[in-house]
Amino acid sequence: MQTLAVDCGGTGIKAAVLSSSGKVIKELPYVKTPYPITPQKLISIIGNFLLQTSGTKRLTVGLPGMIRGGKVVVIPHYVNPHGPRTKASNELRHLWYGFDMQKALAKKFKLPTLVLNDAEIHGAAVISGKGLELVLTFGTGLGSAIYMDGKLAPHLEISHFTVRAGRTIDMWIGEIARKRVGNTLWSRRVKQLIIEMYPMVVWDRLYIGGHNAQRLKRLALRSFDGKVKIIPNSAGVSGGVKAWGK
């Protein structure tokens, strides 16, 4: 049972073929996210990944934003024709919001398909299945997923919360902010975010992933002891098998 897992981010799109145990059989070439991007353009990119594989029996896709039952409720970045933090397009909102990506992919490629929020796929790769586990992914923006005893909780778009002077969490610790303030100050912001989130969630374990996780200064996380674990960005792909729960 080979699975093609695709991790769709605001900056880039990664994909790999996984064995039934979740081992990477083949990594596919990284694709920089093209803007503007429509659902059909993303489906075409996934189709190009499939053309580079053989023996694929099912498909797992991680998308940013609020995904319910494989359907896009709200999605960041992809509704911005000129890329993240640019002005959103009503036309792209109309195309994306409510789009059933899971159904469209299954119909197009005749494969069993699972579409989830990208942080939820990260979580599937690393959680222990015991207690309340929170996954935060730091990349173009902030992704999140919550699990209770291994079961996925309803998705919350934590990134939309307002934290400072009308700025959302995404605006405060997203990629544009990190580049502007530098890794040291950005790491302090992440630490403050964790401090402020803990009383709201009271997790048993927090996992930090995404392509910016490795840029965190370890001193910023030292005070959290064993309750915080850095996970590799590859979890966004490697979780493509465990996300099926089989």
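Structure: above.
Draft legend 1. How the structure looks around empty space enclosed by the protein. Counted under the stated rule, the structure contains one cavity of 30 Å³ or more. Considering the residues around the largest cavity, the lining is formed by E120, S144, A145, I146, L152, A153, P154, H155, L156 and I158. Counting residues per element, the lining of the largest cavity draws most heavily on strand β10 (residues 142-148), at three residues. Per-class residue counts for the lining of the largest cavity are seven nonpolar, two polar and one charged.

Draft legend 2. Representation of a positive patch on the surface in the model. Among the surface-exposed residues, K71, K103, K107, K108 and K110 lie close enough to one another that they form a single positively charged patch. No other element matches the three residues that helix α3 (residues 101-109) contributes to the positive patch.

Draft legend 3. Seen up close, the side chain of T56. Along the polypeptide, T56 turns up in strand β5 (residues 56-63). Engagement of the side chain of T56 in a polar contact is seen with the side chain of T53, the distance being 3.0 Å. T56 has contacts with Q2, L4, L50 and L111, leaving out every residue within four places of it along the chain.

Draft legend 4. Up close: the nonpolar core. L4, V6, L42, V61, L63, M101 and L105 are the most contacted members of the largest nonpolar core, which has 30 residues in total. When residues of this core are assigned to their parent elements, the largest contribution, six residues, is made by helix α1 (residues 39-51). Those residues within four positions of M101 in sequence are excluded, and the remaining contacts are P39, L42, I43, L63, G70, K71, W96 and V115. One finds L136, V190, L193 and I194 within the second-largest nonpolar core, a separate group that totals 24 residues.

Draft legend 5. Here's a closer look at the side chain of E157. Secondary-structure assignment places E157 in the loop between β11 (151-152) and β12 (162-164). Buried within the structure, E157 lacks any salt-bridge partner; its nearest side chain of opposite charge belongs to R68, at an N-O separation of 9.6 Å.

Draft legend 6. Representation of the sheet that holds strand β14 (residues 205-209) within the structure. Pairing is mixed in the open sheet, where five strands are placed in the order β11-β10-β9-β14-β15. The two strands at the open ends of the sheet, each matched to only one other strand, are β11 and β15 (228-230). Bridging between strand β9 (residues 132-138) and β14 involves five bridges; their strand directions are parallel. Of the residues in β14, the one forming a bridge with L134 is L206. Relative to β10, helix α4 (residues 118-126) is tilted by about 50°, and along the sheet it contacts β9, β10, β11 and β14. In the packing of helix α7 (residues 183-201) onto the sheet, the strands contacted are β9, β10 and β14, and the crossing angle to β9 comes to about 155°.

Draft legend 7. Just α3, in detail. Among the residues of α3, those classed as buried are M101, L105 and F109. Along the long axis of α3, the arc covered by the buried residues comes to 35°, so they all point the same way. Of the exposed residues in α3, the ones pointing more than 90 degrees away from its buried face are K103 and K107. Of the residues flanking the end of α3, it is K110, one or two places downstream, whose phi is positive at about 55°.

Draft legend 8. Layout of unusual backbone geometry. Backbone torsion omega between Y35 and P36 reads -5°, so that peptide bond is classified as cis. Along the chain, P36 turns up in the loop between β4 (31-32) and α1. The phi dihedral of R85 is positive, around 75°, even though this residue is not glycine. Following the sequence through the fold, R85 ends up in the loop between β7 (71-74) and α2 (90-96).

Thresholds applied
- Residues numbered from 1 in each chain as written.
- Predicted model: local features only at pLDDT ≥ 70, side-chain atom pairs only at ≥ 80, totals over all residues.
- Heavy atoms only, no water.
- 1 Å grid on protein atoms, 1.4 Å probe; cavity = no way out; pocket = protein on both sides within 12 Å on 5 of 7 lines; lining within 4 Å.
- Points joined across faces, edges and corners; volume = space filled by probe spheres on them.
- Helix = DSSP H or I, 4+ residues; strand = E, 2+ residues; numbered from the N terminus.
- Nonpolar A, V, L, I, M, F, W, Y, C, P; charged D, E, K, R; others polar.
- Patch = residues over 30% accessible without salt bridge, like charges linked within 9 Å, V, L, I, M, F, W, Y side chains within 5 Å.
- Areas by Shrake-Rupley, 256 points an atom, 1.4 Å probe, with all protein chains shown as cover.
- Salt bridge = Lys/Arg side-chain N within 4 Å of Asp/Glu carboxyl O.
- Lys, Arg positive; Asp, Glu negative; His and termini not counted.
- Charge placed at Lys NZ, Arg CZ, Asp CG, Glu CD.
- Polar contact = N/O pair within 3.5 Å; in protein donor to acceptor, adjacent residues only side chain to side chain.
- Contact = heavy atoms within 4.5 Å.
- Core = buried A, V, L, I, M, F, W, Y, C linked by side-chain atoms within 4.5 Å.
- Buried < 20%, exposed > 50% of the residue type's maximum accessible area, 1.4 Å probe, protein only.
- Pairing = 2+ DSSP bridges.
- Axes fitted to C-alpha atoms, helices over the stretch in contact; angles between N-to-C directions.
- Arc of directions from axis to C-beta.

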